[in-house]
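One-letter residues, chain by chain:
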Amino acid sequence: MRELTSLASWTGDGDAPVFREPWEAHAFAMVLVLHEGGVFTWREWADALAAQIKAAQAEGDADLGDTYYRHWLRALEALVAAKGASSADELARYRHAWDHAADRTPHGQPIELQAGDFPGE
């Protein structure tokens, strides 16, 4: 986890951080880990991300760069489901749980999932 923390503040070649929010660094890291684990190839990843960006633009996304990691996350979810590493239902269940946990967590505190964050539990 320490590597993710340092990744979240990485500035790359300029002065501005590469990631605007820690979750963006985490989503980036998840793609790397899943690729290294053989869940998908780089070509599959590139195609999934390109398809997501194209769909978002068709729906009116202005493509200003501020939604890039939202596209990244949606592409990741779609690819993980398509590859059978998880189901769309399971991903939706966890997305709901994270939203619920975030709503009850004070700003600046770590978000921790609890059984009550999952629907029906």
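Data block above holds the structure.
Residues numbered from 1 in each chain as written. Predicted model: local features only at pLDDT ≥ 70, side-chain atom pairs only at ≥ 80, totals over all residues. Heavy atoms only, no water.

Asks: So what's going on with helix 2 (residues 22–36)? Which residues, and what values?
Replies: Since the α-helix advances by 3.6 residues per turn, residues separated by three or four positions end up pointing in the same direction. With 15 residues, helix 2 extends 21 Å between its outermost C-alpha atoms, agreeing within 8% with the 21 Å of an ideal straight helix rising 1.5 Å per residue. Buried within helix 2 we find Glu 24, Ala 25, Ala 27, Ala 29 and Val 31. Remark: Gly 38 follows helix 2 within two positions and exhibits a positive phi of approximately 85°. (Helix = DSSP H or I, 4+ residues; strand = E, 2+ residues; numbered from the N terminus. Expected span 1.5 Å × (residues − 1). Buried < 20%, exposed > 50% of the residue type's maximum accessible area, 1.4 Å probe, protein only.)

Asks: Now, about the packing of aromatic side chains: what can you tell me, with residues and values included?
Replies: For any pair of aromatic rings, geometry is given as the distance between the ring centres together with the angle between the planes. Evaluation of the coordinates by the stated rule reveals nine aromatic pairs. Between Trp 45 and Trp 72, the aromatic rings sit 4.8 Å apart at their centres with planes inclined by 65°, giving edge-to-face as the arrangement. Note that Trp 45 is positioned in helix 3 (residues 42–58) and Trp 72 in helix 4 (residues 68–82), a separation of 27 residues in sequence. Each member of the pair, Trp 45 as well as Trp 72, is classed as buried. When the ring of Tyr 68 is compared with that of Trp 72, the centres are 5.8 Å apart and the planes differ by 55°; the resulting orientation is tilted. With a gap of four residues between them, Tyr 68 and Trp 72 both fall in helix 4, about one helical turn apart. Classification of Tyr 68 by relative accessible area gives partly exposed; the value is 32%. (Phe/Tyr/Trp six-rings, centres within 6.5 Å; stacked < 30°, edge-to-face > 60°.)

Asks: Could you give me a rundown of the pattern of salt bridges, with the residues and numbers involved?
Replies: Tallied over the entire structure, the rule returns five salt bridges. Lys 83 is the partner of Glu 44 in a salt bridge, and the nearest nitrogen-oxygen pair spans 2.8 Å. With Glu 44 in helix 3 and Lys 83 in the loop between helix 4 and helix 5 (88–104), this residue pair connects regions lying 39 residues apart in the sequence. A salt bridge links Asp 117 to Arg 104; the shortest N-O distance between them is 2.7 Å. (Salt bridge = Lys/Arg side-chain N within 4 Å of Asp/Glu carboxyl O.)

Asks: Can you lay out the nonpolar core for me, pointing to particular residues and giving the numbers?
Replies: Of all hydrophobic cores here, the largest spans 14 residues; its most connected members are Val 31, Phe 40, Trp 45, Trp 72 and Leu 76. Among the secondary structure elements, those contributing two or more residues to this core are helix 2, helix 3 and helix 4. Considering each element in turn, this core owes the most residues, six residues, to helix 4. The contacts of Leu 76, once residues within four sequence positions are left out, are Ala 27, Met 30, Val 31, Leu 34, Phe 40 and Trp 45. (Core = buried A, V, L, I, M, F, W, Y, C linked by side-chain atoms within 4.5 Å. Contact = heavy atoms within 4.5 Å.)

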